[in-house]
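Overview (structure and organization)
Single-letter residue listing:
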Amino acid sequence: MRILFFGRGLISTQYAWAFEKAGHTVEFYVRKGRKATFGSHIELEMWDARRGKQFIQESWNVQLHEEIRPNYDLIIVSVNTEQLAEVAQLLSTVAGTTPVLIFNNIWQELKSAISPLFMNNVVFGFPGAGGGITNNRLRGGFFKMIFLEKPRVDTEPINNKVKDLFESAHFKISWIKDMQNWLWNHFAMNAAMEAEVLRRGSFPALLNHRDSFANVGKNMREIVPVLKARGAKMDMISLLLTKIPPPLLGILFNKVIFAKGSLARLSIEYNNTNAGFSVIEVVKEAKKSGISLPRLTAALENNKRHNVIKN
């Protein structure tokens, strides 16, 4: 299969590497001028958890293009959430009938999030990977599991194509019946965590404070009314974060989920992204419904992103 990844970001690079190793042709679309900036290779230092836990360290050659050609079997989009509308607009003019996998966090209603792309030409999924890129060096890793929406009416051929692609590279698919609800819950969880990241100063710093994940649970409890106001149902992640007492939740995350040496912990330790967008979006949504979010609002105080929502 010939696959185009939109952007040479963290998630795109990890899955592109795995697909190439499985025999597929992978290429990247990058913005004008980025091809020279990125160069022809990227240094990989990442963990591959598809078959046990293997450490990958290599200088990987990549194919970068500053234009989108019409000869791909699939386009995969995994970008910062705030970039998705711009990406969808561009793809609507150049992608033609090439099917698109949106491999992304989304807070909007799905149809409006990818407009003017046609829903019948798009499937939604979510990766199981993390880490960061600094000075052309990727550090992080990916799990065996990825999340993919169950086929909607008329999307069966695209779903099958995506399914075959991931399974050919030895990934396991967790099928999501209601992807809209799943993504809303996941976005809310991100906001709960990013609020604590803003408080601590960085993703790695989150792991160095005993009370961090107890506070994430408190943040998530505050967000629940916002989820309910937009008609979302609580999923297992949200229930975990809101039903377990915060002190016990802190122990569970620190000692089990993000135990020292675990891939989940490494994914956060290497995460160097600028936190805050998900917090802003949830706070803005809460203001529309007249819901008070004192913990999240306080997390934005004295942060350069705060002026986005002041008015």
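I will try to describe carefully the structure that is included in this document.

Describing two packed helices takes the angle between their axes plus the distance from one axis to the other. In contact at an axis separation of 8 Å, helix 8 (residues 212–229) and helix 9 (residues 236–243) are set at 125° when each is read in the N-to-C sense. If you check the angle between helix 8 and helix 9, you find them oblique. For the crossing formed where helix 8 meets helix 9, the hand is left-handed. Of helix 9, the residues touching helix 8 (which contributes Val216, Gly217, Met220, Arg221, Val224 and Leu227) are Ser238, Leu241, Thr242 and Lys243. Residue composition of the contact of helix 8 with helix 9, by class: 5 nonpolar, 3 polar and 2 charged.

The full count for this structure, using the stated rule, is 14 salt bridges. A salt bridge links Arg2 to Glu27; the nearest nitrogen and oxygen atoms lie 2.7 Å apart. With Arg2 in strand 1 (residues 2–6) and Glu27 in strand 2 (residues 25–29), this pair connects stretches of sequence that are 25 residues apart. Since its relative accessible area comes to 6%, Glu27 is described here as buried. Ionic pairing is found between Glu269 and Arg265, a salt bridge with its closest N-O pair at 3.3 Å. Highlighted residues: Glu269 and Arg265, both in helix 11 (residues 263–269), separated by 4 residues, approximately one helical turn. Shared partners join several salt bridges into a network, and the residues in it are Glu45, Arg137 and Arg139.

Definitions and limits used
Residues numbered from 1 in each chain as written. Predicted model: local features only at pLDDT ≥ 70, side-chain atom pairs only at ≥ 80, totals over all residues. Heavy atoms only, no water. Axes fitted to C-alpha atoms, helices over the stretch in contact; angles between N-to-C directions. Helix = DSSP H or I, 4+ residues; strand = E, 2+ residues; numbered from the N terminus. Parallel < 35°, antiparallel > 145°, perpendicular 65-115°, else oblique. Left-handed = near helix turned anticlockwise from the far one by under 90°. Contact = heavy atoms within 4.5 Å. Nonpolar A, V, L, I, M, F, W, Y, C, P; charged D, E, K, R; others polar. Salt bridge = Lys/Arg side-chain N within 4 Å of Asp/Glu carboxyl O. Buried < 20%, exposed > 50% of the residue type's maximum accessible area, 1.4 Å probe, protein only.

These figures capture arrangement, not role.
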